[in-house]
Amino acid sequence: MTSQEELEKMMTSRLVETVSINYDDFSESFLTCGTCMCTYDSQEHIPKLLPCSHTVCRLCLERIVEAQTRDTASIRCPICRDVIQIPRGGVATFPPSFLVNQLMDLMARQRRDIIPKCSIHSSQELLFCETCDIVFCTVCTGGTHCGGNHEHTVIPFSIAIKRMSEILLHKANRCLVNLTRAQDNVTEEMRKLDANVDRTFELVNRSFQDLIGLLERRRHEVLQHLQSVRDEKRKVLREQLDIIQGEKDQVERDCGGLHYQVEVRNITKKISDLNEKLDATTTLIEPRENAFVRYEHKHNAAIANVEHALRDFGRVRVSKTFPALCTARYDALAVTHLEWLVRVGAVDYHGDVQTEGGDPLFVDMRNETGDRVEARVRDSNDGSYTVRYTPHLEGTYKLFISIFDRPIRGSPFKIDVTETNNPVLQCGDRGSGEHSFIQPVGIAVHQTGNIYVTDTGNSRIKVLTDELHFLKHIASEGLRSQSATGIAITPSQNLVVVNWRTKQVTEITPDGKQRLQFTCADFIEPVCVAVNSRGEVVVGDSGAHKVFIFDATGKLLRRIGSTKGEDPGQFSLIAALAIGANDDVVVADSRLQIFGRSGKFNREIYPEGKGKGQYGGIVVDRDQRVLVTRSERGRNFVQLFTYSGKPLFQIDSLDAKLKRPAGLAVTHDHHVVIVDLGNDCVKKYRYK
């Protein structure tokens, strides 16, 4: 055997062992150019042996020669930096690396040996269809699989195995990363648990030490009282002893020289004195205080109360909430200046709804600039939580919600905030059908939630559900002449409407029966009406520039206003009125004026742009906030004031199609319904 054959045999045996371990590692170590890190081949990356015994691919050598600024006949080895003379024929004439070429041939043979073959047709390489997820050879399928459907992706099975192995390794690595992260999280949670338990131990000991301190203080008080009782009793008895001792001394002194007495008169007097003393001593025989002292602790219910209180004293609160499964319900689109709610529901690891609160729910809300937005959390103590926030700027907000410092499902939540408050519901168009209006003006919400609208142009009242679905029409004598505008609800839940043309005020039951009708000689153009908690009917007359207050039978009680004017207590063009706190009367003309029930002027509220624009409607909500609609120079908006007159916010644009907003009312689901007189419809908006 020649030395070349021995070398080849030795290399083959070693190669087989190496290849069987890892082909990729072997190729990177022996069959890769150390300069460009490309695998040697027979095309561009032909291995060339340099005089310094290092192997570099031909492409790298050509690039080194091209990069030289001076025309020299030498280069430096990119590995050891030795000077290498370039042959006359150029880098192509450097001798090939025989050893590397031999290794490449051996590697090629080894790789061919591991190419999967068909078990039936041993000469056929196995193929894999990624579309069908099957393995086959062309002979088994008759050559029709890949050719019959060009949309299928067919690759050699060896490549498929490599790809699947890579995917498998990638998935396995991801699993390991996730498991490591899970391990760290669980370990950290255990650390927090131990820290919380240690801290809770301290709190338990401290609270019970406080309780022991209370008991010790009470024990000291009882002992002090016992000491004081003893001292008081001893004082009384000591004083009695002192009296007795004094009497004894007196008797001894009186009898001390008795045997020397010879005068019978003196002896007789002594006997008389001792008789009196003897009678007096009988009162000293009984102790003036007693020795009775007894401790009792079961004389009342105190010990039972203490035992009961101790059973309820202190508790260890735990939670089964699993933050990753907790959900939040919210509106992804919000409107500026309105209060919005996010409702969080807590569940445990199994998805069961929690029935108790107390979880440390943390909320952090940020606008686009990263500024924090105030968000308040209310615990309903039933496993649900409510987050309230009021955005004041347009943009995209992020809401982070976590429990136990762990985010709930979907957190952070993205909420887009806009200044345009588009209606959530709309009903009506111009016409006389069930869903049509002609010049609707007034609106009121019944206790049932139904909405009553004066369809003035059709001389009727349209009844809608709170979802603005049509229910029925109400026709009445008080609605004739296409001039019934104002509408209100009485405490008995009847309807009151005012007709400016007939000058009649009519009370109608919800089913359309007329109950009462009256008028007033001073009426000129009564346009709006309201009813207070006493059933008194308040009518605003734009022509008379006055407000009239009647009792429930139609008897005039008093007037508000005198002559037309802009001074406090005077009116120009009355547009709307409403009932406020304590049956106050809130009137809108060029500003808002508030009067007491007696008619006494209280204060006025001016909007921005005093005296400009026109009010369409006014309502005071359950939170005693004043909500009004105004139109000014083609702009339509809603303003909200506190009852004291402080502006809360203004929605500059309800929606681009709103024209001439008239009456408005607040629904039971915290929305506001507005009559769009310009579009002959009713629209429902969010306002809180």
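Residues numbered from 1 in each chain as written. Predicted model: local features only at pLDDT ≥ 70, side-chain atom pairs only at ≥ 80, totals over all residues. Heavy atoms only, no water.

**Description of the overall build of the protein**
Each helix and strand in the protein was counted, giving 8 helices and 43 strands. Buried residues in the protein amount to 37% of all 688 residues. Of all intrachain contacts in the protein linking residues separated by at least 6 positions in sequence, the fraction that spans at least 24 positions is 49%. (Helix = DSSP H or I, 4+ residues; strand = E, 2+ residues; numbered from the N terminus. Buried < 20%, exposed > 50% of the residue type's maximum accessible area, 1.4 Å probe, protein only. Contact = heavy atoms within 4.5 Å.)

**Thoughts on the layout of surface pockets**
Looking at the second largest pocket, its volume works out to about 1,100 Å³. As for the second largest pocket, its lining consists of 30 residues, and the residues nearest its centre are Leu193, Asn196, Arg317, Val318 and Phe404. Tallied by class, residues from the lining of the second largest pocket come to 13 nonpolar, 8 polar and 9 charged. (1 Å grid on protein atoms, 1.4 Å probe; cavity = no way out; pocket = protein on both sides within 12 Å on 5 of 7 lines; lining within 4 Å. Points joined across faces, edges and corners; volume = space filled by probe spheres on them. Nonpolar A, V, L, I, M, F, W, Y, C, P; charged D, E, K, R; others polar.)

**Things to note about the confidence of the model for the protein**
Counting all residues, the mean pLDDT for the protein is 85, and 89% of those residues have values of 70 or more. Confidence drops under pLDDT 50 across residues 6-21; counting only partners more than four residues distant or on other chains, this segment forms 14 contacts. (pLDDT = per-residue confidence, 0-100.)

**Considering the nonpolar core**
Leu361, Leu399, Ile401, Ile408 and Leu627 are the most contacted members of the largest nonpolar core, which totals 35 residues. Among residues more than four places away in sequence, those in contact with Leu399 are Val342, Val363, Asp364, Met365, Ser411, Pro412, Phe413 and Ile415. If you look at the next biggest cluster of nonpolar residues, it comprises 20 residues, including Tyr40, Cys57, Cys60 and Met104. (Core = buried A, V, L, I, M, F, W, Y, C linked by side-chain atoms within 4.5 Å.)

**Quick look at the environment of Thr187**
Following the sequence through the fold, Thr187 ends up in helix 6 (residues 157-255). Using a relative accessible area of 46% as the deciding quantity, one classes Thr187 as partly exposed. At a separation of 2.7 Å, a polar atom in the side chain of Thr187 contacts the main-chain carbonyl oxygen of Gln183. (Polar contact = N/O pair within 3.5 Å; in protein donor to acceptor, adjacent residues only side chain to side chain.)

**As for the state of the cysteines**
Under the counting rule described, the total for this entry stands at 0 disulfides. Cys129 provides the cysteine sulfur closest to Cys132, a residue in no disulfide bond, and the two sulfurs are 3.7 Å apart. The class of Cys132 is partly exposed, set by a relative accessible area of 33%. (Disulfide = S-S within 2.5 Å.)

**Description of the UniProt feature "repeat: NHL" (unreviewed entry) in the protein**
When the UniProt feature table is mapped onto this chain numbering, "repeat: NHL" (unreviewed entry) sits at residues 424-467 and 529-553. Structurally, residues 529-553 comprises 0% helix and 52% strand, and the distance from its first C-alpha atom to its last is 15 Å. (UniProt positions renumbered as here; feature names shortened; annotations may be inferred.)

**Considerations on the environment of Phe94**
Topologically, Phe94 is positioned in the loop between strand 4 (83-85) and helix 4 (98-114). The spacing of Phe94 and Arg58 is 36 residues in sequence and 8.7 Å in space, taken between C-alpha atoms.

**Focus on the sheet that holds strand 42 (residues 671-676)**
Spatially, 4 strands are ordered 18-43-42-41 in an open sheet, and the strand pairing comes out antiparallel. Here the strands that pair on one side only, and so sit at the sheet edges, are strand 18 (425-427) and strand 41 (661-666). When the angles between neighbouring strand axes are averaged without regard to direction, this sheet yields 20°. Across 3 bridges, the pairing between strand 18 and strand 43 (residues 681-686) is antiparallel. Residue pairing in the sheet places Gln426 in a bridge with Lys683 of strand 43. (Pairing = 2+ DSSP bridges. Axes fitted to C-alpha atoms, helices over the stretch in contact; angles between N-to-C directions.)

**Things to note about the sheet that holds strand 35 (residues 592-595)**
In space, the 4 strands of this open sheet follow the order 33-34-35-36, with antiparallel pairing throughout. Since the sheet does not close on itself, it has two edges, and those belong to strand 33 (576-579) and strand 36 (601-605), each with one partner. Put simply, the sheet's adjacent strands are angled 20° from each other on average, direction ignored. The pairing of strand 34 (residues 585-588) with strand 35 spans 4 bridges and is classified as antiparallel. Paired with Val585 across the bridge in strand 35 is Phe595.

**Focus: the pairing of strand 14 (residues 384-389)**
Sheet analysis places strand 10 (residues 340-345) next to strand 14, joined by 6 bridges and oriented antiparallel. Each bridged residue has a counterpart across the sheet, and for Val344 the counterpart in strand 14 is Tyr385. In this structure, strand 13 (residues 375-379) lies alongside strand 14, joined through 5 bridges in antiparallel fashion. Each bridged residue has a counterpart across the sheet, and for Arg378 the counterpart in strand 14 is Thr386. Between the antiparallel neighbours strand 13 and strand 14 lie 4 residues, among them Asn381 with a positive phi of about 60°.

**A short note on the pairing of strand 25 (residues 484-489)**
With 6 of 6 residues buried, strand 25 lies mostly within the body of the structure. The pairing of strand 25 with strand 26 (residues 495-499) spans 5 bridges and is classified as antiparallel. Within strand 26, the residue paired with Ile487 across the bridge is Val497. Hairpin connection of strand 25 to strand 26: 5 residues between the antiparallel strands, including Gln493 at a positive phi of 70°.

**Things to note about the environment of Ala475**
Within the secondary structure, Ala475 is located in the loop between strand 24 (470-474) and strand 25. By relative accessible area, which is 62% here, Ala475 ends up exposed. Between the C-alpha atom of Ala475 and that of Lys513, which follows or precedes it by 38 residues, the distance is 9.0 Å.

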